[in-house]
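Residue strings, one per chain:
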Amino acid sequence: MRRGSDERDEPNDGDEDSPEDSSRHSPTSNISWRNAGPVLRSLTLSACISGLLFGFDTGVISSTLVSIGSDLSNRPLTTPDKSIVTAITSLLALISAPMTGFFADRYGRKSVILVPALLFVFGAVIQAVATYVWTMVLGRALVGAAVGIASGAVPLYITELAPAELRGRLVTVQSLFITGGQVVAYVLGWIFARLPHGWRLMVGVGAVPAVVQLVLLIRMPETPRWLLQTGQDERARDVLIKVHEGVPEKDRARIVQSVLLSVQAEITAEDKTNARNDSDSSSGVRDAMKELISIPGNRRALTIACMLQGLQQLCGFNSLMYFSATIFALVGFTSPILASLSIAFTNFLLTLVAFAWIDIVGRRNILLRSIPFMVLGLLLCSLAFSFVSIEPARDAALIYDAGDGIWSWMLIASMVLYVAAYAVGLGCVPWQQSELFPLRVRSLGSGLATATNWSSNFIIGMTFLPMMNFLTPSITFMCYAVVCVVGWVAIWRIYPETAGLELEDIGELLKDGWSVQKSVEGFRERQRVLDEMEGRSRRSWSISSGRMSRET
Ligand SMILES: O[C@H]1[C@H](O)[C@@H](O)[C@H](O)[C@@H](O)[C@H]1O
């Protein structure tokens, strides 16, 4: 595969630097997923259980609502009951997400993953034993608070631990767990719905992975960046050595030293800025907030991170996640849950493609190439909806398909196209948010970007059904297509390629402008170097095994 090519004309942002500039600090280690080493793998996996719970708890609600019957407060759920039980999770997530920054700086990155793991356990148990609507709401609220914190803290933890070449992939493991959790939720919902009071099992089962995560995480280390920031240099070095276990020993010392030096340089520079600002500073968070907004590089990082997170939700994806079964039932599918499982499953499968490509093709490139397919999928949906009339009267006889069922199938095919394109790009790339921010404002910036994600998620959840009713389904899907087009232009103009760069270099990149052109050239250069290194190691392997082949 050709690596990292971005054939489109890039907007010229006036950068004069040579392409090598943006890659020169990166201690290219040629580390790969296969030689990532057990420490790095278990770190990622244990952190990502939060992703599984995030996906599970957001996916399980649709089947839960239809199976509760009169088990809560001795009466069937009313529409306001259903709305509050659903919305409280996103609401608490959007309130708790910005707090991640404060706690992550003060108590460490690992602690802010441990707390949501506990909340997930309590939330699941409270829901499973709930006998009143308000107890169920309390359980959903705890789970929401956990999802909000974990969704920002996990990418932060992994971003700060991962070697540059693997960062994109390792953060994408979280997305794999989220989408996998959604598939599990749909399948379990489908199975448990047949049992009496099966919904209690559906929600209670979420406690199991949370307990596993608590046990695993207790033995995991803090991130080297946070350790250095809090003066624990030796521990930071030890963690870095473990993380780079898969790298040949002669390179490892050089890489660890280089990362240590660049983080320390960043901390020193930040200390100087702090000293200058000390006279008018009263609180850490206020200072960090001031720095985030007033320093142009930080402001750019925040704009990009919030733009991507907003776009991830405002493109309308979760309207399908939450309501696809309802849509498929309305257009006359006899097995709407199965049809909606196809949406969740496509989302999961194509996230695997993102996992394979994100560091090779690059974040920017993957978005610029996948969003046009989302637009196509949405326009086809919109077209199909104009030939399938939906009657909210729930009477199958009133469903009218001008093409004898063809348009209903066209609808599901175009939704699958849209979801596939979403999963490859927009479903994952925004979660790379933490890499955009310099150390001092990283946790705050990530928390705010996560809050943007949850606020936009809340907006879509609240507006989707009213839009379908008042604007028609055709126009609703057209609106999402317009959001995607606007998003594409914004990405093309301001999102530089960050794949393969050390965290400290990304800060440099955004200092003097959006640096799109420079970043794309730097990325191509890094890919060329990696290709050469790969070629060299393949050649030396062939020589040592006495099989020098022509191909190398
Ligand atoms: O990255 C995830 C993923 O794409 C999920 O499928 C979606 O439901 C979430 O909202 C999103 O944040």
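Residues numbered from 1 in each chain as written. Predicted model: local features only at pLDDT ≥ 70, side-chain atom pairs only at ≥ 80, totals over all residues.

Under an unreviewed UniProt entry, the chain has the name Major facilitator superfamily (MFS) profile domain-containing protein and belongs to Zasmidium cellare ATCC 36951. Turning to the chain, the UniProt record has this under Sequence similarities (unreviewed entry): "Belongs to the major facilitator superfamily. Sugar transporter (TC 2.A.1.1) family." Regarding the chain, the relevant UniProt record gives this comment under Catalytic activity (unreviewed entry): "myo-inositol(out) + H(+)(out) = myo-inositol(in) + H(+)(in)". (UniProt positions renumbered as here; feature names shortened; annotations may be inferred.)

Peer 1: Hey, could you run me through the overall build of the chain in this one?
Peer 2: Regarding its fold elements, the chain presents 22 helices and two strands. Expressed as a percentage of the 552 residues in the chain, the buried residues total 53%. Sequence-distant contacts, at least 24 apart, represent 82% of the contacts inside the chain between residues at least 6 apart. (Helix = DSSP H or I, 4+ residues; strand = E, 2+ residues; numbered from the N terminus. Buried ≥ 20, exposed ≤ 12 C-beta atoms within 10 Å, placed from the backbone. Contact = placed C-beta atoms within 7 Å.)

Peer 1: How should I be thinking about the domain arrangement of the chain in this particular structure?
Peer 2: Interface size is commonly expressed as the accessible area that is lost once the parts come together. Domains assigned within the chain are domain 1 (33-220), domain 2 (290-391 + 401-514) and domain 3 (515-549). Split by residue class, the side of domain 2 that touches domain 3 holds five nonpolar, four polar and two charged. (Domains from an automatic or database assignment. Nonpolar A, V, L, I, M, F, W, Y, C, P; charged D, E, K, R; others polar.)

Peer 1: Can you help me understand helix 9 (residues 207-218) in this one?
Peer 2: It helps to recall that an α-helix has 3.6 residues per turn; residues three or four apart then point in one direction. Counted at 1.5 Å a residue, the expected span for helix 9 with its 12 residues is 16 Å, and the 17 Å between its end C-alpha atoms agrees. Within the span of helix 9, buried status applies to Pro209, Ala210 and Gln213. Projection of helix 9 onto a plane perpendicular to its axis shows the buried side chains occupying an angular sector of 100°, all on one side. Among the exposed residues of helix 9, those oriented more than 90 degrees off its buried face are Val208, Val215 and Ile218. Those residues of helix 9 that are buried lie in contact with helix 1 (38-59) and helix 5 (111-129). (Expected span 1.5 Å × (residues − 1). Arc of directions from axis to C-beta.)

Peer 1: What exactly am I supposed to notice about the site of the ligand here?
Peer 2: The ligand sits among Thr58, Ser175, Ile178, Thr179, Gln182, Gln312, Asn318, Met321, Asn347, Gly427, Trp431 and Asn457. Residue assignment for the shell around the ligand shows that the elements contributing at least two residues are helix 7 (167-192) and helix 15 (317-330). For the shell around the ligand, the class distribution of residues is three nonpolar, nine polar and no charged. Taken domain by domain, the makeup of the shell around the ligand includes at least three residues from each of domain 1 (33-220) and domain 2 (290-391 + 401-514). (Near = placed C-beta within 6 Å.)

Peer 1: I tried to follow unusual backbone geometry on my own but got confused; where do I start?
Peer 2: At Thr472, a position not held by glycine, the phi torsion is positive, near 80°. With respect to the helices, strands and loops of the structure, Thr472 is situated in the loop between helix 19 (439-471) and helix 20 (473-494). What makes Thr472 partly exposed here is the crowd of 16 C-beta atoms within 10 Å. For Ser515, which is not a glycine, the phi torsion comes out positive at approximately 55°.

Peer 1: Would you explain helix 6 (residues 133-161) in this entry?
Peer 2: Its 29 residues give helix 6 an end-to-end C-alpha distance of 42 Å, which sits within 8% of 42 Å, the value for a rise of 1.5 Å per residue. Taking the largest bend as the criterion, helix 6 deviates by roughly 30°, centred on Ala150. Most of helix 6 is tucked away: 25 of the 29 residues are buried. (Bend = angle between axes of the 7 residues up to and from the residue.)

Peer 1: Would you take a moment to explain the packing of helix 3 (residues 79-96) against helix 19 for this structure?
Peer 2: For any two helices packed against each other, the geometry is given by the interaxial angle and the distance between the axes. Relative to each other, helix 3 and helix 19 sit at 155°, their axes nearing to 8 Å. It follows from the interaxial angle that helix 3 and helix 19 lie roughly antiparallel. You can see that helix 3 and helix 19 cross each other, and the crossing is left-handed. From helix 3, Ala87, Ser90, Leu91, Ala93 and Leu94 reach across to helix 19, where they touch Ala451, Trp454, Ser455, Asn457, Phe458 and Gly461. (Axes fitted to C-alpha atoms, helices over the stretch in contact; angles between N-to-C directions. Parallel < 35°, antiparallel > 145°, perpendicular 65-115°, else oblique. Left-handed = near helix turned anticlockwise from the far one by under 90°.)

Peer 1: Explain the confidence of the model for the chain to me, please; I cannot follow it from the model alone.
Peer 2: Segments scoring low in pLDDT should not have their predicted coordinates read at a detailed level. For the chain, the average pLDDT comes to 84, and 85% of its residues sit at 70 or higher. Note on residues 1-10: pLDDT is under 50 here. Beyond four places in sequence and across chains, it has 16 contacts. In the predicted structure, residues 12-27 sits below a pLDDT of 50 and forms 41 contacts with residues beyond four places in sequence or in another chain. (pLDDT = per-residue confidence, 0-100.)

Peer 1: Teacher, can you tell me more about the environment of Ile304 here?
Peer 2: Position of Ile304 relative to the elements: it lies in helix 14 (residues 296-314). Taking the C-beta count within 10 Å as the criterion, Ile304 has 23 such neighbours and is therefore assigned buried. With 190 residues separating them along the chain, Ile304 and Ile494 place their C-alpha atoms 7.3 Å apart. Apart from the residues lying within four places of it in its own chain, the contact partners of Ile304 are Leu436, Ile494 and Tyr495.

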